[in-house]
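Architecture at a glance
Residue strings, one per chain:
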Amino acid sequence: MNRRSLLSALLISTLAPLPAFTAGGVPVQLTFRTSADVGRSVIHLSDIAEIQCADTKLTEALCQLDIGSSPLFGTKRTVSVAYARLRVKSLGVRDEQVQYTGPENVAITRVFQSVSGDALLQFAVEAIEPKLTDGVLQPGTPPQEVRVAPGALSLRAREPRLTSTSASVIVEICVDQQVESTITLNLRVVQRTRALVARHPLAAGTILTEADLAFTEIPANPGTTFLLDATQALGRQLSVALREGSPVLSTQLRLIPLVHRGARVKVTCRSGSVALACTGEAQQDGTMGQTIRIRNVISQLDFSARVIGPDELEMVF
């Protein structure tokens, strides 16, 4: 081959077209998925496509490329590959550098994890209680659940704010140590008071006895008058069911006759350490603690005695 022919062959080989996939710069291959689950508020290219590129910096830029806003938690939206191509070109990447494969649209679902209102309320109580110097917390209705992105979940509390009647704390909901959401929880601070409570569960209709009642300290509820004397409840009938430890209120009690007119009753007459019993006939109805008129069935004399139980009275000299 003469010198002229050799130069022509070299020129022809230099001008031969390159494969389209490698023309114009570092080649990029993007394989789009049919669907993708996204936890963040922004959709990145790496969420919807597999990226292959030899340039490390370009690969990182493509992975973090913003393709739009995520849908609301638990909802879906569609991202078109045509729009993704425009976003890729915004990085200065030419079309001839990129090979696109996959569907024309990608269905995006915003995934999440939930923090229940009960969990948030309990966390707030635990954050505030060590700061209390007086009174007790009275939690209200739990807030609604809070939805955040998937990841390692943790809660943090800012410094609580306290007054004599209220407390509040801001709870930070963190995912992978980053704050995803904040919520302010407000609670009441109430003082404690001594009150009459149910010693055990009591059904509606129960006629109260000493065995049903106990005194303890409970949170004082403004506007509620608690019973401080057991005699105000003894012998009365509950109009509602009560759980163990629930306060017994005057509005929950009904007066019922423990002694009925015409009934034979036992009357205990006391004078110091001496006690005598007799049988009488009630001349009127009587409720617990009420003094009524009784007739001695033997002497037929009337006298007054105080009701202390069903068909049982007491007279003290």
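Predicted model, so just to flag it, every value in this text is computed and none were measured.

Here we look at the sheet that holds strand S4 (residues 49-53)
Reading across from one edge, S4-S1-S7 is the order of the three strands in this open sheet, with mixed pairing throughout. In this open sheet, the two strands that pair with only one neighbour each are S4 and strand S7 (98-101). Taken pair by pair, the neighbouring strands of this sheet meet at an average axis angle of 15 degrees, ignoring direction. With respect to the sheet, helix H3 (residues 56-63) is in contact with strand S1 (28-32) and S4, its orientation differing from that of S4 by roughly 165 degrees. Along the sheet, helix H4 (residues 81-89) makes contact with S1 and S7, crossing S7 at roughly 160 degrees.

Considerations on the packing of aromatic side chains
Within a pair of aromatic rings, the relevant descriptors are the distance that separates the centres and the angle that separates the planes. Here the structure, examined in full by the defined rule, presents two aromatic pairs. Centroid distance phenylalanine 32 to tyrosine 100: 6.2 Å. Interplanar angle 15 degrees. Geometry classified as stacked. With phenylalanine 32 in strand S1 and tyrosine 100 in strand S7, the pair connects residues that are 68 residues apart, well separated along the chain. Between phenylalanine 73 and phenylalanine 112 the ring centres are 6.0 Å apart and the planes differ by 70 degrees, which places this aromatic pair in the edge-to-face class. Residue phenylalanine 73 is located in the loop between strand S5 (66-69) and strand S6 (76-80), and its partner phenylalanine 112 is located in the loop between strand S8 (105-110) and strand S9 (113-115); the two are separated by 39 residues in the primary sequence. A residue is classified by how much of its surface remains accessible, and phenylalanine 112, at 31% relative accessible area, is partly exposed. In this arrangement the basic side chain of arginine 110 is found over the ring face of phenylalanine 73, its NZ or CZ atom lying 4.0 Å from the centre. Across from the ring centre of phenylalanine 215, 4.1 Å away, lies the NZ or CZ of arginine 194, which sits over that ring.

Here's the deal with H3
Buried within H3 are the following residues: Leu58, Thr59 and Leu62. Taken down its axis, H3 places every buried residue within 100 degrees of arc, on the same side. Across from the buried face of H3, at angles greater than 90 degrees, the exposed residues are Thr56, Lys57 and Glu60. Structurally, H3 contributes buried residues whose contacts are with S1, helix H2 (45-48), S4 and H4. One side-chain oxygen of the residue at the start of H3 lies 3.0 Å from the amide nitrogen of lysine 57, identifying that residue as aspartate 55.

Thoughts on the pattern of salt bridges
Side chains that differ in charge, positive against negative, can pair when their charged atoms come close. For the structure on display, the rule yields 13 salt bridges. Residue glutamate 96 pairs with arginine 94 through a salt bridge whose shortest N-O separation is 3.0 Å. Given the relative accessible area of 36%, arginine 94 is considered partly exposed. Residue lysine 131 is joined to glutamate 159 by a salt bridge in which the shortest nitrogen-to-oxygen separation is 3.7 Å. Taken together, the positions of lysine 131 in the loop between helix H5 (117-128) and strand S10 (136-138) and glutamate 159 in the loop between strand S12 (153-157) and strand S13 (161-162) put the pair 28 residues apart, joining distant regions of the chain.

Description of the nonpolar core
Counting residues in each nonpolar core, the largest one holds 24 residues, and the members touching the most others are Leu30, Phe32, Leu45, Ile48, Val88 and Ile108. Looking at this core, the elements with two or more residues in it are S1, strand S2 (35-38), H2, S4, H3, H4, S7 and S8. Here isoleucine 48 is in contact with Thr31, Phe32, Arg33, Ala36, Ile43, Ile67, Val79, Val106 and Ile108, once residues within four sequence places are set aside. In terms of nonpolar packing, the next biggest core, distinct from the first, is built from 19 residues, Leu121, Leu137, Val169 and Val171 among them.

A few points about the side chain of asparagine 296
Here asparagine 296 lies in strand S22 (residues 291-296). Every residue in contact with asparagine 296, bar those within four places of it in the chain, is listed here: Cys278, Thr279, Leu301 and Phe303.

What counts, and at which threshold
- Residues numbered from 1 in each chain as written.
- Predicted model: local features only at pLDDT ≥ 70, side-chain atom pairs only at ≥ 80, totals over all residues.
- Heavy atoms only, no water.
- Pairing = 2+ DSSP bridges.
- Helix = DSSP H or I, 4+ residues; strand = E, 2+ residues; numbered from the N terminus.
- Axes fitted to C-alpha atoms, helices over the stretch in contact; angles between N-to-C directions.
- Contact = heavy atoms within 4.5 Å.
- Phe/Tyr/Trp six-rings, centres within 6.5 Å; stacked < 30°, edge-to-face > 60°.
- Buried < 20%, exposed > 50% of the residue type's maximum accessible area, 1.4 Å probe, protein only.
- Lys NZ or Arg CZ within 6 Å of the ring centre and 35° of its normal.
- Arc of directions from axis to C-beta.
- Polar contact = N/O pair within 3.5 Å; in protein donor to acceptor, adjacent residues only side chain to side chain.
- Salt bridge = Lys/Arg side-chain N within 4 Å of Asp/Glu carboxyl O.
- Core = buried A, V, L, I, M, F, W, Y, C linked by side-chain atoms within 4.5 Å.

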